[in-house]
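Inside the fold
So the chains spell out like this:
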Amino acid sequence: MKNSNIYIFTALLSALFFSCNNANTKTSVVKSDDIIEQKIDSIIALMTVDEKIGQTVLYSSIEDITGPVLDKNYTTYLKNGQMGAIFNATGSAFTRKLQKIAVEETRLGIPLIFGYDVIHGYKTIFPIPMGEASSWDLELMKKTASIAAKEAAAEGLHWTFAPMVDISRDPRWGRIAEGAGEDTYLGSLIAKARVEGFQGKNLADKHTVLACAKHYAAYGAAQAGRDYHTVDMSLNTLKEVYLPPFKAAIDADVATFMTAFNELNGVPATGNSFLLKDILRDEWKFNGFVVTDYTSINEMVPHGFAEDLKHAGELAMNAGVDMDMQGGVYKNHMKASIEENKIKISRLDEAVRDILRLKFKLGLFEDPYKYCNEADEANIILHKDHLEVSREAARKSIVLLKNENNVLPLDASKKVALIGPLADDQFHIIGNWAAKGDRDGIAVSVKEGFEAQNKAFSYAKGCDIEGGDTANFNEAIKIAKTSDVVVMVMGESERMSGEAASRTDLKLPGLQQQLIAEIKKTGTPIVLVLYNGRPLNLTYENQTVDAIVEAWFPGTDGGHAVTDVLYGDYNPSGKLTVTFPRNVGQVPIHYNMKRTGRPEDLEGAHSRYVSKYIDVENSPLFPFGYGLSYTTFEYGEPQLSSNTLSNNGSITVKTTVTNTGNVAGEEVVQLYIKDRFGSVTRPVKELKGFKKITLEKGASTTVEFTITSEDLKFYNNKLEFANETGDYDLFVAGSSDANFTSSFTYK
Ligand code: BGC
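**Quick word on the sheet that holds strand β5 (residues 212-216)**
- If you trace the three strands from one edge of the open sheet to the other, you get β5-β6-β9, paired in parallel fashion. The two strands at the open ends of the sheet, each matched to only one other strand, are β5 and β9 (289-291). Direction aside, neighbouring strands of the sheet carry axes that sit 25 degrees apart on average.

**Considerations on the confidence of the model for the protein chain**
- For the protein chain, per-residue confidence averages 94 on the pLDDT scale, and residues scoring 70 or more make up 95% of the total.
- Under a pLDDT of 50 for its full length, residues 1-8 has, in the predicted model, eight contacts with residues more than four places off or in other chains.
- In the predicted structure, residues 14-28 sits below a pLDDT of 50 and forms 11 contacts with residues beyond four places in sequence or in another chain.

**A look at the domain arrangement of the protein chain**
- What the domain assignment lists for the protein chain is domain 1 (1-60 + 73-112 + 350-382), domain 2 (392-566) and domain 3 (631-746).
- Averaged C-alpha coordinates put domain 1 and domain 2 at centres separated by 48 Å.

**Here we look at the packing of aromatic side chains**
- Taken as a whole and assessed by the stated rule, the structure comprises 30 aromatic pairs.
- Ring geometry for Y216 versus W284: centroids 6.1 Å apart, planes at 50 degrees, classification tilted. Note that Y216 is positioned in strand β5 and W284 in the loop between α11 (273-283) and β9, a separation of 68 residues in sequence. Per residue, the accessibility class of Y216 equals that of W284, and both read buried.
- Cluster of aromatic residues (ring-pair linked, three or more members): W136, Y185, Y591, F624, Y672, F690, F731 and F740.
- One residue, R439, lies across the ring of F427, its end atom 5.0 Å from the ring centre.
- Seen from the ring of Y567, K455 lies directly overhead, with NZ or CZ sitting 4.1 Å from the centre.

**Some words on the site of the ligand**
- Among the 14 residues in the neighbourhood of the ligand, the closest are listed as D117, R175, H215, D293 and E499.
- Interatomic distance of 2.8 Å between a side-chain N/O atom of K214 and an oxygen atom of the ligand.
- In this structure, D293 approaches the ligand through a side-chain N or O atom, which is 2.5 Å from an oxygen atom.
- Looking at side-chain class alone, the shell around the ligand contains seven nonpolar, two polar and five charged residues.

**Let's talk about the pattern of salt bridges**
- Counted under the stated rule, the structure contains 47 salt bridges.
- With a closest N to O distance of 3.0 Å, K342 and E340 form a salt bridge.
- With a shortest N-O distance of 2.6 Å, E710 and K713 are connected by a salt bridge.
- Residue E710 is classed as partly exposed on the basis of its relative accessible area, which comes to 46%.
- A relative accessible area of 24% places K713 in the partly exposed class.
- One salt-bridge network, in which partners are shared between bridges, spans E37, D41, R281, D322, R347, E350, R353, D354 and R357.

**A few points about the pairing of strand β3 (residues 113-116)**
- On β3, burial covers both faces: I113 and G115 on one face and F114 and Y116 on the other are all buried.
- Two elements, strand β2 (residues 85-87) and β3, share three bridges in a ladder whose sense is parallel. Among the inter-strand pairings, I86 is bridged to a residue of β3, identified as F114.
- Running through helix α5 (residues 92-105), the crossover from β2 to the neighbouring parallel element β3 is right-handed.
- Here β3 runs beside strand β4 (residues 159-160); their pairing, made up of two bridges, is parallel. Within β4, the residue paired with Y116 across the bridge is T160.

**Observations concerning the packing of helix α8 (residues 184-199) against helix α10 (residues 244-251)**
- Running from N to C, α8 and α10 cross one another at 30 degrees; their axes reach a closest spacing of 8 Å. With respect to their mutual orientation, α8 and α10 come out roughly parallel. For the crossing formed where α8 meets α10, the hand is right-handed. Where α8 abuts α10, its residues T184, G187, S188, A191, K192 and V195 lie against P244, P245, A248 and A249.
- Among the residues forming the contact of α8 with α10, the class breakdown is six nonpolar, three polar and one charged.

**Section: helix α7 (residues 138-154)**
- For α7, spanning 17 residues, the distance from its first C-alpha to its last is 24 Å, which sits close to the expected 24 Å at 1.5 Å a residue.
- Contact partners of the buried residues in α7: α5, α6 (129-133), α8, α15 (374-380) and α16 (384-397).
- Near the N-terminus of α7, the side chain that reaches the backbone nitrogen of E139, with its oxygen 3.3 Å away, is that of D137.
- Two residues or fewer after α7 comes G156, characterised by a positive phi angle close to 90 degrees.

**Points about unusual backbone geometry**
- In this model, Y216 is joined to A217 through a cis peptide bond whose omega is 5 degrees.
- With respect to the helices, strands and loops of the structure, A217 is situated in the loop between β5 and α9 (235-242).
- The backbone of W136 sits at a positive phi, close to 50 degrees, despite the residue not being glycine.
- Tracing the backbone shows W136 in the loop between α6 and α7.
- Look at W136 and you get buried, because its relative accessible area is 1%.
- The backbone of K285 shows a phi angle near 60 degrees, a positive value even though the residue is not glycine.
- With respect to the helices, strands and loops of the structure, K285 is situated in the loop between α11 and β9.
- Taking relative accessible area as the criterion, K285 reaches 63% and is therefore assigned exposed.

**With respect to the sheet that holds strand β22 (residues 686-695)**
- Read from one edge to the other, the open sheet built from five strands follows the order β19-β27-β26-β21-β22, with strand pairing classed as mixed. What marks the edges here is a single partner per strand, and that holds for β19 (644-645) and β22.
- Note that strand β26 (residues 726-733) and strand β27 (residues 742-746) share five bridges and pair antiparallel. Within β27, the residue paired with Y728 across the bridge is F744.

**Some points on the pairing of strand β21 (residues 665-675)**
- When you tally the buried positions in β21, you get 11 out of 11 residues, the bulk of the element.
- Of the two faces of β21, the one holding G665, E667, V669, L671, I673 and D675 and the one holding E666, V668, Q670, Y672 and K674 are both buried throughout.
- Bridging between β21 and β22 involves nine bridges; their strand directions are antiparallel. Bridge assignment links Y672 to a residue of β22, and that residue is L687.
- In the sheet, β21 pairs with β26 via six bridges, with the strands oriented antiparallel. Residue pairing for β26: D675 is matched across the bridge by Y728.

**Some details on the nonpolar core**
- The biggest cluster of nonpolar side chains holds 181 residues, and the ones touching the most others in it are W159, Y216, F257 and L566.
- Residue contributions to this core peak at seven residues, all from helix α14 (residues 345-361).
- Composition of this core by domain shows at least three residues from each of domain 1 (1-60 + 73-112 + 350-382) and domain 2 (392-566).
- Residues in contact with F257, not counting those within four places in the same chain, are C212, A213, Y216, F246, I250, L280, W284, F286, F289, V290 and V291.
- Within the second largest apolar cluster, 19 residues are counted, among which are F633, V653, I693 and V732.

**Description of the environment of G288**
- Examined against the element boundaries, G288 turns out to sit in the loop between α11 and β9.
- On the basis of relative accessible area, G288 is assigned to the buried category, the value being 3%.
- Once residues lying within four places of it in the same chain are set aside, the contact partners of G288 are A255, R281, D322, D354 and L358.

What counts as what
- Residues numbered from 1 in each chain as written.
- Predicted model: local features only at pLDDT ≥ 70, side-chain atom pairs only at ≥ 80, totals over all residues.
- Heavy atoms only, no water.
- Pairing = 2+ DSSP bridges.
- Helix = DSSP H or I, 4+ residues; strand = E, 2+ residues; numbered from the N terminus.
- Axes fitted to C-alpha atoms, helices over the stretch in contact; angles between N-to-C directions.
- pLDDT = per-residue confidence, 0-100.
- Contact = heavy atoms within 4.5 Å.
- Domains from an automatic or database assignment.
- Phe/Tyr/Trp six-rings, centres within 6.5 Å; stacked < 30°, edge-to-face > 60°.
- Buried < 20%, exposed > 50% of the residue type's maximum accessible area, 1.4 Å probe, protein only.
- Lys NZ or Arg CZ within 6 Å of the ring centre and 35° of its normal.
- Near = heavy atom within 4 Å.
- Polar contact = N/O pair within 3.5 Å; in protein donor to acceptor, adjacent residues only side chain to side chain.
- Nonpolar A, V, L, I, M, F, W, Y, C, P; charged D, E, K, R; others polar.
- Salt bridge = Lys/Arg side-chain N within 4 Å of Asp/Glu carboxyl O.
- Right-handed = clockwise from strand over helix to strand, strands pointing away.
- Parallel < 35°, antiparallel > 145°, perpendicular 65-115°, else oblique.
- Left-handed = near helix turned anticlockwise from the far one by under 90°.
- Expected span 1.5 Å × (residues − 1).
- Core = buried A, V, L, I, M, F, W, Y, C linked by side-chain atoms within 4.5 Å.

Spelled out as structure tokens, the structure:
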């Protein structure tokens, strides 16, 4: 330990701090951001090249979900000042121990940043992000992100690798579970809400963490839905569909960005200066830091884009990647690249500056241990208020897909047969990427939900999620025969979605469909509750069962939430943010596709030679925006304030919505617009607004939207984001599959 250097350094910093503070009181012109930059200048001036490189190195401390620890020497690197950040180290005591090495045993004592994948909760787990998106409740998403941040920060963490803001239109891709769904407008609002939730208003607040917009960019468009696969798309689609949620994250001041694994139009995202320089820094003025995904610099060699690791590091650094996650490329090769002038020291200084700036903003130079507080940890983790939000979030995320003959809500006097591999499950219920969520003991299964609410039921597992064992079928059939209604809780295992979990078959795995078929023979009505991380092919289930409750992976309090919905203590209000296909052959299928020159409904067209399949209809099984309630809503004709919209003008659209059923309910009122033609073809419809309302039975309300010329802009044939004059159609409804009812002209 080199105490003398620590003292020199600390003295230098406090002198600078003192002089800046003085300057501040005298003239009031030195802003805190300027003071931070001055402090960074003074640190950079003290740093050796090795220490600078050290700041750009991120290693995992332990084996975790995304792979083994690649380099077991990380504590040695730490002592040598060769690491700027660590991930997968959690807990106040452990992070304090590591921070102490950085602060007290390295020459300059620069504190570490601790990162972790806090995706949908830390200990208290909320529904998987795609599930939670079905609530269309931005305040709720902000709240769950802020709770996740608070719990994570209480365990010494400063940084989450979330939110994932990748748009995805491909249910084969397992990571669709981690995002907000297929729509750019909604996805952008959700990106903003989640960033605001994680980061709060002040990064120095010890209950907040740095957010990370990932995976930049277009990772969700991997060919054939196969993870890590090639992405090739037009710049119009990239800019219009895939980039806006990243821009929304920047508008919400997101601190960091993560590059994607995939290549984009021939250039891996991690070495892509078009994405990282031209767009991110020059156009969007991002001033946080960019981290790679796990070893994605190294992967530019197998991509066939870099000759060797050293070359890969040069491509990444020169494209604008500031921190190397786990790959060790910057650590092992950058010095040589700098000596050969393949990377300029000024570029390295820029990266170090962006990293140090966030360490200052987190307040780590003032108190490197501020997030390591055992007392906070004990009080905050799994706080009862957090568990209540977990139940609320799960209830609001559930989507009722089918409810024939009003089999739901269940009548409490009726006897239920609770069946299925996930009915008594505490493991899968919290889903993939569940951070430190407990997979037993704390999570509440549906069976426990029933027990807690004293429901009359008997239970049989029936079958496993996967595999071919029919041994328990009979027991399930037996209880189905003697019950009034069957509730089957089925779906995917948590490992069937998330990273590296692409599927080519979207049906329920194993023998689950067969068990449904056997139970169907008993004649007892069937309610199917599903846990899954992607849109499934539910064609068979939709034909066979009476009700379908899409519960995603609902999180820690999921069992209570599902019980609340099944018995009507909560009236479901979730709406899909992803399209459910009729079969895997329809994929990719999304609500805002292009029309083609031979749409099915083309007047006068020959019925064979139009754009369709010969074996299945074009429409999906369940469209984007769809979801039932225990009540019904009626929509009045939209009233437009004008039939013309001018540049900088606006139109208001008013619609009356009435609750025509017998119970109170919530509804997501959605506005869709269609641009009839353009200099590049336009989608068949686009979501342009939504409002979530609550209506007592029999009540009506007027829902109002404002449309401005900004809402109509798109990337034209010159790749400019601009308006074009012409006619537009619109409708307001509770799902994307309604018909257009009104139109206006943009002049
Ligand atoms: C994933 C990232 C994640 C990282 C760190 C990678 O494999 O793609 O989303 O943040 O691992 O765990």
